[in-house]
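# Reading the structure
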Amino acid sequence: MKTKCVRIVSPDETRRLRAGIDKRRLIRLRFVYRDKNSSMRTAQTPLPVNAKARLCAQASREPSAMQGLVKLDSPTVQRIGVMVFIQLVVNFKWTKYWYKGDISTEFLQGKDRDVETRGRLFLEPPSRPLATVPPGALLEVIKSVYGLPDAPRAWWEELTKFLTDVLGFQHCKMDIAFLVWYYDSGDVGIMIILHVDDVQVAYDGNKATEKIVQTLYQKYPFGEWVKVHEQKSGVHYTGRLVKVIDEEQVIISQEDFIDGRMESLPCLLYTSDAADE
């Protein structure tokens, strides 16, 4: 409700809608539960449960997506983009001005739904009561929500439009999810890489570029916003642990990511003699 991505349809209006609406435009909602630390928990790193619940639309067959009326792809930074970004941060000696951020409720920040082209869409609340939603009411989709096929694309368009049209960034030809802000002289002032809601930003420490970075930070609800060099244990980004040693040295490891997906497989050891018996 805070992001105004849905509108509460009163019970009276809901009854009228149900009488004539195409049933395909009624999408059920359900809660999805997960532990955000599950992929990084190992015997050596016994992280506590970081529980998260999210309300998602069960919308795999949303009408406009099934008809091919919307774009569903959402670019994310590629491996080479991540590596070039980190290498340039070190080359430019920008480690003190390097941030890692995590934007909260990113899929609720997208642009308004194009009702004329795609038609109206309604959400059926779960059996568990929702605060401020009266019994018997529906929710009308105003913006994108979690679970809609085009939610990642809507968020990508929202974020990159702000970065390019408002802040003046340009997409890198090497990787569309790697964006750069240039001075009029052509010198690089800021770099940013995007992976859905996870971003990394580095700049040259100039007051002008710092102001641009702060504008980005104030625009969206960041759940995490930390200086990478101040994190003694490093930061996790796209399955990598990134740790700043000093101004000229950064270590990258995927040990935690791999260990978090490996489990011991108990098996009996047989000798060839035992097998013959």
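Coordinates for the structure precede this section.
The following paragraphs examine the structure supplied in this document. Residue numbers here run from 1 along each chain, matching the order of that chain's written sequence. Only residues with pLDDT of 70 or above have their local features reported here, since the model is predicted, and side-chain atom pairs are shown and tallied only from 80 upward, although totals for entire chains, interfaces and linings are computed over all residues. Water and hydrogen atoms were dropped before computing side-chain values, which therefore reflect all heavy atoms in the structure.

### As for the pairing of strand β14 (residues 249–253)
Here a strand pair is declared whenever DSSP counts at least two bridges between the two strands. The way it works is that DSSP assigns letters per residue, a run of H or I at least four long becomes a helix, a run of E at least two long becomes a strand, and they are numbered from the N terminus. Pairing between strand β13 (residues 240–246) and β14: five bridges, direction antiparallel. Residue pairing across strands places V244 opposite V250, the latter belonging to β14. Linking β13 to β14, which pair antiparallel, is a turn of two residues.

### Re empty space enclosed by the protein
With a 1 Å grid laid over protein atoms only, a set of points is called a cavity when a 1.4 Å probe fits there but cannot get out and a pocket when it is open yet has protein on both sides within 12 Å along at least five of seven lines; lining residues have an atom within 4 Å of a point. Grid points are joined across faces, edges and corners, and a volume is the space filled by probe spheres set on the points. Evaluation of the coordinates by the stated rule reveals one cavity of 30 Å³ or more. Looking at the largest cavity, its volume works out to about 50 Å³. As for the largest cavity, its lining consists of S74, P75, P152, W155, W156, L159, L194, H195 and V196. Every element with two or more residues in the lining of the largest cavity is listed here: α5 (151–166) and β9 (188–195). The greatest single-element share of the lining of the largest cavity, amounting to four residues, is contributed by α5.

### Considerations on the sheet that holds β14
With antiparallel pairing, the three strands of this open sheet are ordered in space as β12-β13-β14. Each edge of the open sheet carries a strand with a single partner, namely β12 (235–237) and β14. Strand after strand, the sheet turns through a mean of 30° between neighbouring axes, direction not considered. Seen against the sheet, helix α3 (residues 79–91) touches β12, β13 and β14 and runs at an angle of roughly 160° to β14. To get an axis, a line is fitted to the C-alpha atoms, and for a helix only the part in contact is used. The angle between two axes follows their N-to-C directions and goes from 0 to 180 degrees. Every residue pair with non-hydrogen atoms within 4.5 Å of one another is taken to be in contact.

### Some words on the environment of F222
Mapped onto the fold, F222 is located in strand β11 (residues 222–227). Here the term buried applies to any residue with accessible area under 20% of the maximum for its type, exposed to any over 50%, and partly exposed to those in between, with areas from a 1.4 Å probe on protein chains only. Taking the relative accessible area as the measure of exposure, F222 reaches 14% and is therefore buried. Measuring from C-alpha to C-alpha, the distance between F222 and D22 comes to 38 Å, with 200 residues separating the pair along the chain.

### Focus on the environment of Q214
Tracing the backbone shows Q214 in helix α6 (residues 207–219). A relative accessible area of 27% places Q214 in the partly exposed class.

### Focus on the sheet that holds strand β10 (residues 198–203)
Within the open sheet, the six strands sit side by side as β7-β8-β9-β10-β4-β11. Their pairing is antiparallel. Because the sheet does not close on itself, it has two edges, and the strands there are β7 (170–171) and β11. As paired elements, strand β4 (residues 98–103) and β11 share five bridges and run antiparallel to each other. Along β11, the bridge assignment pairs K100 with V226. The strands that α5 touches are β4, β7, β8 (178–182) and β9; relative to β9, the one it contacts most, it runs at about 175°.

### Description of the environment of L139
If you trace the backbone, L139 turns up in strand β6 (residues 138–141). Counting along the chain gives 95 residues from L139 to G234, while the straight-line C-alpha distance between them is 41 Å.

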